[in-house]
Structures are given as structure tokens and as C-alpha cells.
Amino acid sequence: MQPSRDIQGLLDIMAALRQPETGCPWDIVQTFETIKPYTIEEAYEVADAIERGDMHDLCDELGDLLLQVVFHARMAEEAGEFAFGDVVDAVTRKMIRRHPHVFDRSGADTPEAVKLQWDTIKQAERRERAERRAKRGLPPETEPGFLGSVQRSLPALVEALKLQERAAKVGFDWSEPEPILDKIEEEVGELREALRHGDRKKVSDEFGDLIFAVVNIGRHTDADPEMALRGTNAKFRRRFAHIETELQAAGQTLEAATLERMEDLWQAAKAIERQLG
């Protein structure tokens, strides 16, 4: 087996890894469920490489993500469901169907018209999928109701964003960001009240309401909540690393440092970031 730029080489490698008699013991016993977490993890690692601007890592991580697609397709082929070629065929058909303004020269010549056209096509696709599932005796893919198309399996922040976007399509939305800030302050007050009463379930409920409102302000300001939080996580890492480095230089440890000392170093890290722009 040799490295290759041809996708067939990767398909052959996966087939060899899954070969019951001569394959890899770990790969052989994997299922869709056991591989699913790795698929999600690889998607996040692609996002991380993009955020860091590391094109070498991005190339590697895209390869890892592609491997996940190949892995799932191979297991499906073994089960007699579909093969990698069917995956490629499905997505190419979908892209051609969803871009008639490119491949069929429809009249959609503005971003707004393309978006409207895209939504119409997706509605037709959902109807077709529902018919196929019904013929196979499978339960409906989505829940009933207007929000049923938003999958519960999405990460919670993404699900919140999708629910809000969906509701906004029928006008259930704020017209500007300012009232949402008032809503956030209201939720903070309710969280304070729950904390005073010591009701853990109520605290959890109010905390969720606060996060949902914060997601909404992000949506209205074009700040993706997932990406914004990842940026803050990276900032926290940088500033905490500064604390650790400075303590080590002074012969101190994190465990022995006082909160006041760490806060001083945190503020110093913020000052350095401001100077660097």
C-alpha cells in the first residue's frame, strides 16, 4: 500500500483496515456510534486550524475529517446500505440542484434571491426525504411543528442559534440588539434570585435562559456564539499562561500563589494585549 493523491487509495486503505481476517483489530470492531465522537472532534480540529491560520495543520485536519467520511461510508457499504461513490453522487447532485442560478441559469442574481431560492429547494428536499423514509418504514426525520427541522442532536449553542433563526423567519424576533441587552439584564436578575433561594434546578433553568439570551445578542450582531466563545477560550489560555510563566520566573507555583497575585498578573496580561493591539 502506497500513499496516493487519488481518493481510491484512501478507500483501499480503509477497506484493508476493515478486512476481518487481516485488518486492524481496532478498526474492525468500530461502529457508526463509536466513530461518531471522532467525526465531531475532527470537525472541531479543522475549525481550530482555521482560527490559528495554520495551513499545514489545516491540510492535515481536512485529511483526518475526510478519513471519517471514508470510514462511515465503508461501514455503510459493508452493511449493504451505500458506498463512498453514493456519498459523492448525492452531494454533487445536491449542489447542482441547489445552484440553478449557476448550472441552469435561473433568475437568482442577488444574494437575497439566492437565499430565497435555496430555502425553497431545501423545503422540496425535505419533502422528498420524508417520502423516502416513509416508504422504508422509518419514523419522521424531524419533529412536528415549525421548529421541527432544527435537530436536537446539534451542540446546544448551535441549536439555540438555529431555533432563533428559524423563529425569526416568521417575525418572532427583536428588531434590534438593544432590547436583548435588557432581556439579558432581566435574566441575570432572575439568576441572582434563584441563587439566593439555593434552588439548584431553578439556578440551572435561569442559567440556560441567560445563555439563550446571550446567543441572541450574538446573532443580532453577527457574532457566531461558538466562534466567539472559542476566541474567548483562546484569550483565557493566553492570559493564564502569562500568569503561569511569570510565577515560574519568580520561583513560585500556581498552587502557592494568592488570588490577588494571580489577578495582578491577569491584569498585566490584559495590558500587554492592549499595547500589542
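The rules we used
Residues numbered from 1 in each chain as written. Predicted model: local features only at pLDDT ≥ 70, side-chain atom pairs only at ≥ 80, totals over all residues. Heavy atoms only, no water. Helix = DSSP H or I, 4+ residues; strand = E, 2+ residues; numbered from the N terminus. Rg over C-alpha atoms; globule rule 2.2 N^0.38 Å. Buried < 20%, exposed > 50% of the residue type's maximum accessible area, 1.4 Å probe, protein only. Contact = heavy atoms within 4.5 Å. Areas by Shrake-Rupley, 256 points an atom, 1.4 Å probe, with all protein chains shown as cover.

Asker: Outline the overall build of the protein chain, supporting the account with residue identities and numerical values.
Answerer: Helix and strand counts for the protein chain stand at 12 helices and zero strands. In the protein chain, the order of α-helices and β-strands from amino to carboxyl end is α-α-α-α-α-α-α-α-α-α-α-α. For a compact globule of 277 residues, the expected C-alpha radius of gyration is about 19 Å, and the protein chain comes in at 25 Å, more than 25% above that figure. Its C-alpha atoms give the protein chain principal-axis dimensions of about 60 × 50 × 45 Å. Counting across all 277 residues of the protein chain, residues that qualify as buried make up 23%. Contacts spanning at least 24 positions in sequence make up 47% of the contacts within the protein chain whose residues lie at least 6 apart. Taken as a whole, the protein chain presents about 19300 Å² of accessible surface, with 57% of it coming from carbon and sulfur.

Asker: Give a description of the environment of E226 that names residues and reports values.
Answerer: Residue placement: E226 occurs in helix 11 (residues 225-249). You can call E226 buried: its relative accessible area is 17%. Sequence-distant contacts of E226, defined by excluding residues within four places in its chain, comprise Y44 and L157.

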